[in-house]
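# Architecture at a glance
Now for the letters of each chain:
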Amino acid sequence: MDFKQLAAQYKNELFENVLPFWLHRSQDFEQGGYYTCLNRRGEVFDTDKFVWLQGREVWLFSMLYNKVEKQKEWLDCAVQGGEFLKKHGHDGNYNWYFSLDRKGAPLVEPYNIFSYTFATMAFGQLSLATGNQAVSYTHLRAHETPEHL
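Rules and cut-offs
Residues numbered from 1 in each chain as written. Predicted model: local features only at pLDDT ≥ 70, side-chain atom pairs only at ≥ 80, totals over all residues. Heavy atoms only, no water. Helix = DSSP H or I, 4+ residues; strand = E, 2+ residues; numbered from the N terminus. Contact = heavy atoms within 4.5 Å. Areas by Shrake-Rupley, 256 points an atom, 1.4 Å probe, with all protein chains shown as cover. Pairing = 2+ DSSP bridges. 1 Å grid on protein atoms, 1.4 Å probe; cavity = no way out; pocket = protein on both sides within 12 Å on 5 of 7 lines; lining within 4 Å. Points joined across faces, edges and corners; volume = space filled by probe spheres on them. Nonpolar A, V, L, I, M, F, W, Y, C, P; charged D, E, K, R; others polar. Buried < 20%, exposed > 50% of the residue type's maximum accessible area, 1.4 Å probe, protein only. pLDDT = per-residue confidence, 0-100. Core = buried A, V, L, I, M, F, W, Y, C linked by side-chain atoms within 4.5 Å. Axes fitted to C-alpha atoms, helices over the stretch in contact; angles between N-to-C directions. Parallel < 35°, antiparallel > 145°, perpendicular 65-115°, else oblique. Left-handed = near helix turned anticlockwise from the far one by under 90°. Salt bridge = Lys/Arg side-chain N within 4 Å of Asp/Glu carboxyl O.

Once that is clear, we can look at the overall build of the protein. When its secondary structure is counted, the protein shows five helices and five strands. Intrachain contacts of the protein at a sequence separation of at least 6 include 47% that bridge at least 24 residues. Here the protein displays about 8,800 Å² of accessible surface, and carbon together with sulfur accounts for 55% of that area.

Printed below as a string of structure tokens:
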């Protein structure tokens, strides 16, 4: 098995097919955030937005911008998703919902660690990408009053 050839094949598939698919098909330009339920053709079959997947996509495009290439399109994608997540993804005390409707209204209350984990990872990478500490999860939590900690 030629591992260099295999690595090149995976890299090509990632950059030529997978990333463009999510970049161009998942963004909800009307309501913000990302559609997370797409079929193979990129058609939306459910408009519910799972918070952990919102966080994962913010993280992905921020991380690509930070570590692969400074593509404005990647940063713009991450920022718009981060804005949606920051505005709608939590209950005001940074208890992260599990899922939201298309406009950002909660569908399933906070109950597991996945949404928290991916929100933390997302805002960490996004703050590095934008140079704006105000979007970091640590900064968000630091502005809470003691009774919220």
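With that settled, consider the sheet that holds strand S4 (residues 99-100). Each strand in a sheet pairs with its neighbour through backbone hydrogen bonds, running either in the same direction (parallel) or in the opposite one (antiparallel). In spatial order, the strands read S3-S4-S5; together these three strands make up an open sheet with antiparallel pairing. With one partner strand each, in any of the chains shown, strand S3 (49-50) and strand S5 (106-108) form the two edges of the open sheet.

All right, on to the layout of surface pockets then. Here the largest pocket is characterised by a volume of approximately 180 Å³. Forming the boundary of the largest pocket are Trp22, Thr36, Leu53, Arg56, Glu57, Trp59 and Leu60. With five residues, helix H2 (residues 51-67) is the single largest residue contributor to the lining of the largest pocket. Residues that form the lining of the largest pocket fall into these classes: four nonpolar, one polar and two charged.

Positioned with a positive phi, tyrosine 94 is a non-glycine residue whose angle comes to about 60°. One can find tyrosine 94 in the loop between helix H3 (72-88) and S4. Accessibility expressed as a relative area gives 12% for tyrosine 94, which makes it buried.

Turning next to the confidence of the model for the protein. Per-residue confidence for the protein averages 91 on the pLDDT scale, and 89% of its residues sit at or above 70. Looking at the elements of the protein, mean pLDDT is at its lowest for helix H5 (residues 137-142), recorded as 54, and at its highest for S3, recorded as 98.

Right, let's talk about the nonpolar core for a bit. By size, the foremost hydrophobic cluster in this structure holds 24 residues, and its most contacted members are Val51, Phe61, Leu64, Trp74, Leu85, Trp96 and Phe123. Secondary-structure elements contributing two or more residues to this core are helix H1 (3-25), H2, H3 and helix H4 (113-130).

The next subject is the packing of H3 against H4. Taken N-terminus to C-terminus, the directions of H3 and H4 make an angle of 130°; their axes are 10 Å apart at the nearest point. Between H3 and H4, the crossing angle belongs to the class labelled oblique. Here H3 runs over H4; the crossing is left-handed. Contact residues: Leu75, Ala78, Val79, Gly82, Leu85 and Lys86 in H3; Ala119, Ala122, Phe123, Leu126, Ala129 and Thr130 in H4. Its residues assigned to classes, the contact of H3 with H4 shows nine nonpolar, two polar and one charged.

Moving on, we get to the pattern of salt bridges. Evaluated as defined, the whole model comprises five salt bridges. Put simply, lysine 49 and aspartate 28 hold a salt bridge, and the shortest N to O gap is 2.8 Å. On the criterion of sequence distance, the pair formed by lysine 49 in strand S3 and aspartate 28 in the loop between H1 and strand S1 (37-38) is long-range, its members being 21 residues apart. Just as lysine 49 is buried, aspartate 28 falls in that class too. A salt bridge links aspartate 28 to arginine 102, with the shortest nitrogen-to-oxygen separation between them at 2.8 Å. Of this pair, aspartate 28 sits in the loop between H1 and S1 while arginine 102 sits in the loop between S4 and S5, and the two are 74 residues apart along the sequence. Residue classification places aspartate 28 among the buried positions, given a relative accessible area of 1%. Salt bridges sharing partners connect three or more residues here, namely Asp28, Glu30, Lys49 and Arg102.

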